Every structure is written in C-alpha cells, then in structure tokens.
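Reading the structure
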Amino acid sequence: MLKKVLNKNELFLFLIIILLIIILTSFNRSFLTLENWFDMIKNNSGMMILAIGFLVILLSGGIDLSFTSIGIFCAFIATDVLVSKNINNMFLAFAISCGLGILMGAVNAFFISYYKIPPLITTLATYAVYNGGLLVISNNRSFYAAELPLWYKKFGAMNIFTITKPEGDKYGLSIYFLIVISVILFTWFILKYTMLGKGIYAIGGNIESAKRSGFNIVKIQFFIYCYMGFLAGIAAIMETSILQAVVVSGVSVVDLSVIAAVILGGGRLSGGYGKILGTVFGVIILMILNNNLILIGLSSFWNEFVIGFVIIIGVIITSIQTKQKSRGISIIKI
Amino acid sequence: MTNSKIGKTILDLRNINKFFGGVRALSDFSMTIEEGEIHCLVGENGSGKSTLIKVASGALKAESGDIYINGNFYKNLHIMDAIKEGIQVIYQDLSLYTNLTIAENIAMNQLIEKNLKLINSRIIHNISKEAINELKINLDLEMVVENLAMGDKQLVAICRALTHDVKLIIMDEPTVALTRNEIELLFKVILSLKEKGISTLFLSHKLSEVFQISEEVTIIRDGLKVGEFKTNELDNDKLIFYMIGKKIEKEKYSYDEDKNKDNVLLEVTNLTKKNNFKNINFKLLAGEIIGITGLLGSGRTELALSIFGLNKPDSGHIFIEGEKVKIDSPQDAIKLGISFFPSDRTIEGLFMKKPVDINLIITVIKENLNKMGLIDFRSIKSRAKEQVEDLNIKIPSLSAQITSLSGGNQQKVALGKWISTNPKIFILDSPTVGVDIGAKYNVYSIIKKLAIEQNMGIIMISDEIREVMENCNKILLMKKGEIIDIVYPNKTSENEIFSKISGTSLSNN
Amino acid sequence: MTIIFILMSALMPKTFFSLYNLQSMAFQISGFGFLVIAQMIAIISGGIDLSIVSIMSVSGISAALIMTKFINESSSSGNVILIVILTILVTLVVSVACGFINGLLIGYVGVPPILATLGTMSLFMGVGVIITGARGIVGFPSGFLKIGTGTVFQIPIPLIILVVMSLLVALILNKTVFGLKLYMLGSNPIASIFTGINNKLMLLGTYMLGGFMTGMSAIILIAQANSAKSGYGSGFLIQSIIAVILGGIDPAGGLGSIAGVIIGILIIQMIQSGFNMMGMNIFWTNIIFGTVLIIVMIINLYLERISFREKKTISK
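Residues numbered from 1 in each chain as written. Chains lettered and ligands numbered in written order. Predicted model: local features only at pLDDT ≥ 70, side-chain atom pairs only at ≥ 80, totals over all residues.

**Comments concerning the overall build of chain A**
Basically, it comes down to this: Only DSSP runs of H or I covering at least 4 residues are called helices, and only runs of E covering at least 2 are called strands; the numbering of each starts at the N terminus. Each radius of gyration reported is based on C-alpha atoms, and the globular scaling rule is 2.2 Å times the count of residues to the power 0.38. Neighbour counting defines burial: a residue surrounded by 20 or more other C-beta atoms within 10 Å of its own C-beta is buried, one with 12 or fewer is exposed, and intermediate counts give partly exposed, using backbone-placed C-beta atoms.
In terms of helices and strands, chain A carries 14 helices and two strands. The C-alpha atoms of chain A give a radius of gyration of 21 Å, which matches the 20 Å a tight globule of 334 residues would have. C-alpha atoms of chain A, sized along the principal axes, occupy 65 × 50 × 35 Å. Counting the 334 residues in chain A, one finds 49% classified as buried.

**Topic: the overall build of chain B**
Along its length, chain B carries 17 helices and 20 strands. A buried classification covers 47% of the 509 residues belonging to chain B.

**Observations regarding the domain arrangement of chain A**
Size of an interface, as often reported, equals the accessible area lost when the parts are brought together. All names here are of chain A. Rules: Each domain's limits were defined by an automated method or a database of domain assignments. Contact between two residues is assigned when their C-beta atoms, built from the backbone, lie within 7 Å. Residue polarity is assigned by list, with Asp, Glu, Lys and Arg as charged and Ala, Val, Leu, Ile, Met, Phe, Trp, Tyr, Cys and Pro as nonpolar; anything else, Gly included, falls into the polar class.
The domains assigned to chain A are domain 1 (1–32 + 277–334) and domain 2 (46–254). The centre of domain 1, based on its C-alpha atoms, is set 25 Å off from the matching centre of domain 2. Opposite the four residues of domain 1 that make contact, domain 2 presents six residues. Of the residues in the side of domain 1 that touches domain 2, the class split is two nonpolar, two polar and no charged.

**Comments concerning the sheet that holds strand β3 (residues 38–42) of chain B**
All names here are of chain B. Heads up, the condition is: In this scheme, strands are said to pair when DSSP sees at least two bridges between them. Only the stretch in contact is used when a helix axis is fitted, and all axes are lines through C-alpha atoms; the angle between N-to-C directions ranges over 0 to 180 degrees.
Pairing in this open sheet of six strands is mixed, and the strands run β6-β7-β8-β3-β9-β10 from one edge to the other. Among the strands making up the open sheet, the edge pair consists of β6 (87–90) and β10 (224–230). Each adjacent strand pair in this sheet contributes to an overall mean axis angle of 15°, direction not counted. In this fold helix α1 (residues 49–56) packs onto β3, β6, β7 (168–172), β8 (199–204) and β9 (216–221), with an angle of close to 150° to the strand it touches most, β7.

**Concerning the confidence of the model for chain A**
All names here are of chain A. Stated formally: How sure the predictor is of each residue is captured by pLDDT, a score from 0 to 100.
Here chain A averages 84 in pLDDT, while 93% of its residues score no lower than 70. For the stretch residues 1–6, pLDDT sits under 50, and the model shows one contact to residues farther than four places along the chain or on other chains. Note on residues 327–334: pLDDT under 50 across the span, and 11 contacts to partners over four residues away in sequence or across chains.

**A few points about the pairing of strand β1 (residues 9–20) of chain B**
Residue and element names in this part refer to chain B. As judged from the eight bridges shared by β1 and strand β2 (residues 23–34), these two strands associate in the antiparallel manner. Counted as the bridge partner of I16 is F29 from β2. Across five bridges, β1 lies against strand β4 (residues 64–69) in antiparallel orientation. Bridge pairing in β4 links L11 to I69.

**What about the domain arrangement of chain B?**
All names here are of chain B. When its domains are assigned, chain B resolves into domain 1 (9–244), domain 2 (253–337 + 423–509) and domain 3 (351–422). The gap between the C-alpha centroids of domain 2 and domain 3 is 26 Å. Counting residues at the interface gives 11 residues for domain 2 and 10 residues for domain 3. Per-class residue counts for the side of domain 2 that touches domain 3 are eight nonpolar, two polar and one charged.

**Quick word on unusual backbone geometry**
For N15 of chain B, which is not glycine, the phi torsion reads 50° and is therefore positive. Given 13 C-beta atoms within 10 Å, N15 of chain B falls into the partly exposed group. Of note in this structure, N226 of chain C is not a glycine but carries a positive phi near 55°. The residue N226 of chain C is located in the loop between α10 (199–225) and β4 (227–228) in this model.

**Quick notes on the interface of chain C and chain A**
On the chain A side, the residues contacting the 45 residues of chain C number 40 residues. Contributing elements (two or more residues each) for the side of chain C that touches chain A: α4 (77–109), α5 (113–132), α9 (189–194), α11 (235–246) and α13 (284–315) of chain C. Sort the elements by how many residues they give to the side of chain C that touches chain A and α5 of chain C lands first, with 14 residues. A breakdown of the residues in the side of chain C that touches chain A according to their chemical character gives 32 nonpolar, 13 polar and no charged.

**Section: helix α13 (residues 276–292) of chain A**
What counts, and what does not: Multiplying 1.5 Å by the helix residue count minus one yields the expected span of that helix.
Taking 1.5 Å of rise per residue, the 17 residues of α13 of chain A would be expected to cover 24 Å, and the 24 Å separating its terminal C-alpha atoms lies within 8% of that figure. The element α13 of chain A is extensively covered by neighbouring structure, given that 13 of its 17 residues are classed as buried.

**Examining the nonpolar core**
The condition is simple: Think of a nonpolar core as buried Ala, Val, Leu, Ile, Met, Phe, Trp, Tyr and Cys residues chained together by C-beta atoms that fall within 7 Å.
Counting 341 residues, the largest nonpolar core has A51 and L231 of chain A, I427 of chain B together with L293 of chain C as its most contacted members. No other element matches the 15 residues that helix α11 (residues 217–243) of chain A contributes to this core. The contact partners of I427 of chain B, leaving out residues within four places of it in the chain, are A304, I307, F308, I338, F340, F341 and I459 of chain B.

**Examining the packing of helix α3 (residues 34–59) of chain A against α11 of chain A**
Residue and element names in this part refer to chain A. Here is the rule: When an angle is under 35 degrees it counts as roughly parallel; over 145 it counts as roughly antiparallel; between 65 and 115 it counts as roughly perpendicular; any other value is oblique.
Packing of α3 against α11 brings their axes to within 9 Å, and their N-to-C directions diverge by 175°. In this view, α3 runs roughly antiparallel relative to α11, as classed from their interaxial angle. From α3, N43, S45, G46, I49, L50, I52, G53, V56 and I57 reach across to α11, where they touch I224, Y225, Y227, M228, L231, A232, I234, A235, M238, E239 and I242. In the contact of α3 with α11, the residues fall into 15 nonpolar, four polar and one charged.

Okay, here's the thing in structure tokens:
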C-alpha cells in the first residue's frame, strides 16, 4: 500500500525536502520555526494553487502560458469595481475575479478545441492579448494600498489561529492555508474519483483513443482551462491582499516558478503523467529556496540563480530517468 | 454471453462501393462472416483492406451497398451502431492508454457507456477481472500499460473488446510486433473466442499465419474481391497468385564461396553485449548476400545496430577488410563503408515531410558542393533524377513530399538513399516490411544487382523466412541472442529453419 | 501566408513612410531582430529557446562592466577604441558560452529544449542580477553608443549590421551543409541519426549560433539605452516566439525561411509604430499580436485542410 502511495519519484522529492531543511536549519535555527513556515505558506499559497491548476492542464497534454495575465487582469477588474462603487465586500471580489477568470480560460479552451490550435500558441496569444488588454483598460493605472477596500488588508491578515510570542508579536497560520488545502483536496478528488478526471488522463495518454472511447473532449478541455482561469482568479485576489496592491505594468512575465514546480514534481510536458503529491513537493522545494537563501547568507539577488540551478539539475535527472526507462524497450530512444 | 444459433450470419456486406475523390477503393465488394468463424482478409497494401474494415465498423460511409449486422439492415452505419451490434475493431496501434492501468483500460469504455460520473474502483476491478477470466489469462490488473510487452498489450486490447458483449472482433495486422510465444498465445485466445461463439476477422500479411489459424480466407485486390476460399483449399503459391495476379519467378541466389574466400569484407569475432547477443562470429565476403533470421527478440536488429555504431558491444571485435576497427557512431560506420537500412522507414529511414530529392542525397551531400563549399542544388536534382530512374521509383515530382508516395516507392527511396553512398557493406533490416508483393520482388532484384554488379557484401535481416531463402546464399539463424546454426538455402527448407529458430514447426504449408 | 501580410502592411497610411519614421522603426527592430533570429534557429532545429533574453541580459551586463571599469574621462581615444573592441568580443564570448551550455544540456544530456532553456533562463538572469545587484550600469563611451544610434548615409548602423547578419544566416541555412542538416534534424531527429548526422554536435552548434546572435542584440540594445540592467526586455521573449511563428516557421521544426521571419518582424514593428503615430494607445500592440497570431493559425488550419483533401484523393 505504501508503495503505491509514494512511488519512487515522490519519495525522492521528499528526501530532497528533508535534506534542504537539514542544511538550512544547520545554518540558521530560525528556519525551522513555526513562524517562518507559516509565513512561507502564506506567501506561496498563490503559487501552490496555480501549480495545481497547471498540473491539471499538463496532465491533459496541454499547457497554459496565459495564467499570469489572467490573474492580474481579474484582480484589476475586481478591485476596480469595488473601488469605483465603494463596496467593501470580499465575496464580490472573489466572485468577479473567478468569474472573469473562467471566461478568459474559456477563450483558451475555445481556440484549442474548435480550431485545434496548439495550446502553446493559443495561450501565448491570449497571454499577449490579455496583457495588452489590461494595459489598455487600466490605462496603466495601478492600485495601491491606500485605495484598496479595507477588507483586502483584513483578509490578508486573517489567521486560522494565532500564537503570541513572549515579546508580544503575534503570528498565525493564515486562512490562506485553508484555501490551499481545499483546492488540493478538491482537485485530488476530481482526478481520482470522477470520470472527468479519468478523461483528463485519457486525453493526455492517447487523445485518439479518448475520442473513440466516447469521451467528450471539448467538455473536458473547457473544464481544465476554465478551472485554471478560476484558480488564477483566486490566487490573484490572495496575492493582492498580501501585496496590498494591484500592480499593472508594461511587462508581465509568465510565472515560471509555477511551471518549474510542476515539472520538478514529476509532471511530464508530453502529458498523461504527474501526481498532485509530486506537484505539492515541487512547490515546497521552490518555496523553501525562494524565501530562505538569506538564511545562508545569500542575498535575495541569488534567488533566480539558485532556482535556475535547481531546475537544471531537476530536468537533467528527469531526462536521464526517462532514458533509462525506455532502454529496455528499444535501443534508440532520443 | 451470446445466445448462439448455429449458422447465424454476423456480418453481411453486399456490393459495397467506396470512392475517395475519383479513386475507387472498394468495388462491388461482398463478404459474409458467420458466427464463430475465424476469417482472414488478405491483400496487398493499398488493396482496400483497411477501407473495408472501416466501412464494416461504421468509421467510413460507403457510397453504395448494403450492410447487414446480425440480420439487421443498416443504410447508414454509425460507429455506435456497429459497437452496439457487437463489432469491435482493434487497430494496429491498439489505442490503449499507456498512462493508465490495465484495469482502467479494459473497463474504460464500459464506464463511459454507463454514464457514470463518479468512479468506483470496485466497478473497474470487477469489469476487468471478468474480462481476463473469460480468456483465462493472467495479468496484474494494477500494472500501468506503458510497462507491458507488446503481446500483453494486445491481450489487454482484446479484453477491452470483450467487455462489450462482442460478436465480431476485427484485428488489423495483430501479429506484426509479437514474439512467437505471444503469437501462439494470441491464437489460443482466438480459438477460445471461437468456442464462445465470437467471430474473428483479421487482416494479415504473414501468409504462414493465415494458414495456421484461419478457416476462411477472403482475398482482395485493387478493391475487388478475388475470391473467398476455405483455407485448406489454398496453398502458398495459389494465395500469392490470387493476391497479385501473376506468378512470381523465384530464383535463389547463387554464389561461389570458395572463389571469393579471400575477399573478406567484414568479420565479426566473439561479439557480445549483455542482454542483446552473445559470441557472434561470422564472415561476410564481397558479393555475398547473408541472411539473418530469427524470431523477434533474437538479437538480430541489436547486432546490426552494433555494426552500425548505435549499440556499442561489451566485448568482441569487428574487422573491416582485415583491419580491426572501433565503430562508435554512425559516422564511423559510414566512413568505413557501411550502410544501414533501418526497419521502420517512416520514423528511422525517411524524412517524411521533406522532398524526394533531398531524402535521396542527404547521405552524400558533401559530394554535391560547389567550389565555395555551398550546396549545388542543380547537381542534387540531376543526381536524384538518376537514382529515381535507376530504381524505377514512381514519384509525382522530385520535390514531392515522401508522404505522397506509395509504400513500395517510399521503400525504394529509402534504399536509394544508401545506395548512393556506394557502400562496401550494406545491412538491411526488414527491407520489405509494409510493401506489397509486387514491389517486394522489385526490391529483391535491386539488392541482388548490387551484390552481383558492385560486389557489395550484403546482410539481409528478416523475419520472413521465405525472403531470406530466396535472396541469400547463406543464412545465419539466431535464437535468444546467439547464432545457433548456419544453413544454405539449397540444402534446407523453410520448415526446417522455422523449427530450429522457434523450437516448434509450422503446422501447414 | 506571408503574402497576406505584405498586403496588410501596404494598407498603412502614407505618413508612415517619412524618413524619420522609417529610421526610428529601423533602430527599434535591430536589437529585437537578432533575438528573433536566435529564436528562429532554435525552433527550426525542433526546439525553442526561452533563455534568449537572459543571455542578452548577462552578456550586456558583462559588456557594461568592462566599459565602465576600464574607461574613464581621461582615457585616450586609442585606448577607448581598443576597450570597445574588447567589450564587443567579450559580449560575444559570454553569449556564445551561454549558448554552449544550452547546447550541452540539449544535445549531449538530452534535456528537452523547453525545459533546459527554462532552467538556463533563470540561471543566466540570476547571474546578471547577482552581478548588478538589480541596479543598472550606466555610462558608455560615445563611440560605442554610435553602434546603436549612429547612421551611415541616413541608414541606421544597427540596421546595416542586422541586414548583413540576416543575409549570412540565410546563406548558412539555405546553402550550407550545416543548414540542410539542421532542417533535417528539426524535421525528424531519429532519421537524422540513422542518416549519419551528428545530432549532438548540430544542436551544440545551433544554440551557440543562437548565443552569438543574442550577443549581437545585447550590444545594440545597451548601446541604444546607454545602460545595462537585468530586467530589460522581458517582453521580448514572447514577442520573439510570436514573430517566428508569424513568419511561417513550423513550431514542430524543420520548416521555414528567414525571409518569412523578417517579414514577421517587420509586421510587428510596423504595427507598433503605426499605432504610435496614429496616436493610438501603444498598449494595443500586444492585443494585436495575440489576435493576429490566432488568426494566422486559423488561416493555416484551413489552408492545410484544403491541401490535405487534395492529397487524399491522389494517394488513396
């Protein structure tokens, strides 16, 4: 049973995490504190949620480069509506953001299923369109702390439970944790226990067979891209609450740490393979690296370099593993 | 499962006509399949076999003709109708989900049919368990299909077909990638299907298997039904005659070994690679055509790849014209005068989307440069034109994509590609796979000409014993990685070779 | 397909063709143009290069470091020229070295290009960030700046360089053995091995050549900006991919010509400038790119369907 739960790949990642924890803690005790971890969890909830959405798309053999644009776009519109109408309602913000996210994801799904445009190109195009669209609609105006409705700050600060340090400061496990867990469990349930989930794997495994089996390919594709949009909407509002700002800028880079986390977690670009647990571990690894290098004396300038390094090591190992696997079947496998 | 009435007709096709654009793929074709019958459809590539099964399963609509399934008349047969009536097609690619488990693959279509939203692993288990029990085979249901051997994958596909209350299973070339054992198991399964009253229609190229397992044979040529026979009314020669419409003059290849025994092009001593082959020793003389045959998995291709630099051996030596050499890459091999014709022409042999002329000269591109070292396209065109004429390749134009050529002509381009390098040693792995009989003999004469006129040393690897019998002066038999015997065609028979490499014998000839 | 675009661009208003405008467009596309060439080469080989902007960044920073360290107010003009030449060399060496790493990972280790360049993208950019501490390096000698901003007979210098290089690359791709082998590799890497093409070496060469082109772009861009920063140009990556696809390069590898890509770049630039001039919000450009990309793909799809139908009747 345990063998089924933790196959080789996930075990490997888990060990890496333990290793990282040991190394970092030996450098600086404050790494392994509850406070640090609660902080990390809160700051990286967005990445986790997006990574889960990305995994689902990857499983189907697709890819989505537009989710960052969708996220910022939705956060902007939601905030704009709230600010201009002077409403201070959290649920409305989420509703607008997620609803819009679903619509924008649907656009992706439309071109991918009806016009058969490869997902890479489609989402590249929508990334550009949404990015540009945001700039046009917002007129390059960003929202900053003072203008945001009050609840943004409240929401960002809400904790499930709070602990008070002897010095009097407080810290707690953010409510974001609940959101993340819900998303993880919900997605896990869909993938494992519904025909929809099997359909996603089927499409990623062999799309021709999936058609012949009778799966409704269009419906499934709409689900996964809309789901990504939905999750992007959630993550965006969460990020806004933390940053206390919606920053609209001319450049919007695709969030590569999300993609890196999913690939590190064992998701295959070619589709059909990947596990939620793996993705979670991948995100944790990147989370640890992203925020804690300063503990070993590396300034934050080193972040990008280290992430790049980790990705490279990760993909080298993955490539070698894939090569080994296919060695038994035929001699030439490039 | 099925309530069998004796003599019931499952599939009845009458006067089917199918056109693609202006080309007629099926001409007034009629065929019946009875309950529990094992029926084989034999024909060359392009004869209309695949079209027929697509029409019979509802994947394609015929222009005219009637289809009766289980006595029910269908004017416009849809895939779902055919499935409901119990017709299941297993295509050559098997259409399995390699990323899912055996159980999930078998049960998948049922799950969709039942319109379930939630998955119950018990349901999956039950459906799949029932299917493999029906066939009395043993498979680990939780294994992911990606890791299975070809034979097991085939069984999974058949199990999946069984879950549909199937009456007729149509298989497209089921034995192409199977080992002998797996083929025997497949035939056992087909027989047990027969016992349950389930009919099997399969398409095959391998004439020996046609005789081994089928009861009825329908022969199709150019979209026309040439005849329907009981298998025991036919023999190999008659079958080939019906398939291609003319008698083939079969000549053996004669060669004087003594006269040439000093002209050793290639010598291999004690070549060994773990899990691939062991202690390989043989010599190749100039002008010789040596055949290597054995079952799938006997190490033939692996050996050939070693000589071409793609499968480094663990120990042993290779000598080219008396000198010991190390062949670490295809470039090394080519420099030594070795050419290799790989078995999968669409993936390994040709650049399908590129034009004919580029494919023909890519191997000798360095000879077509102008004074400045740049490519001289005019010389490429003329050289390619020469090749096309020499080999009699039918092409729309020199710049046509390979995909627009027929199988046989594609094969000739793949051959021409290597012939232009003027190799001393030419290794061919399955040179006539997927090529119709007429073109096959074309290729054979090209190969023989190379050996005779250019004194090339040729190694022909094939799993069609007939092929090596007719074209080689000497045959190496391989089994489980070792050379178990060396035979001469004029002193042995197909049957004898077969029994040596497999340990059993052909049941019919 | 490219014909459609020539038509489209002909519809642009007349004011477009003023010398000043053409000049400014030419300046703008030069730096970007080299990036597109680098991307094009990678895509023809069957891969993709996500690291081009990072390579540009780190090589530009290297250049800036050398110039600012070794040149000051009192340097003699002879010295300056020497240093500038050295700078150019170093930039190219750095960028080719980065390309070498890419080529090593992709060709010899066998990492899929998209993943390898995903990693090197962060790696190279990271190096740049570490060196500069996220600040810009400014102050280059005027001679150097001329490379990016000067003109010869009214034609911008960077444009001349771009045109020369493009012709060179076109020559390599269309007329040399390397180029032909590259197209074959991109078309079918397996058959390529069996044909005796050394895939590993080819890929190494491909990405090193790409690195070289990226280095050229770095030189031009920092000369134009008179500074080198690590964040500069991040939008270029996506635009380069769009330009290549617009230009008719098959993203599956193995097809396409440099002419098509040049047209792709031109279109992007013309649209941008055109909007600028018409007083339209420049932010519309991204929207237009995305929409055009989708329209092009749809048109391609229909064209393919038509020709496929014809082919089907021939081969049965």
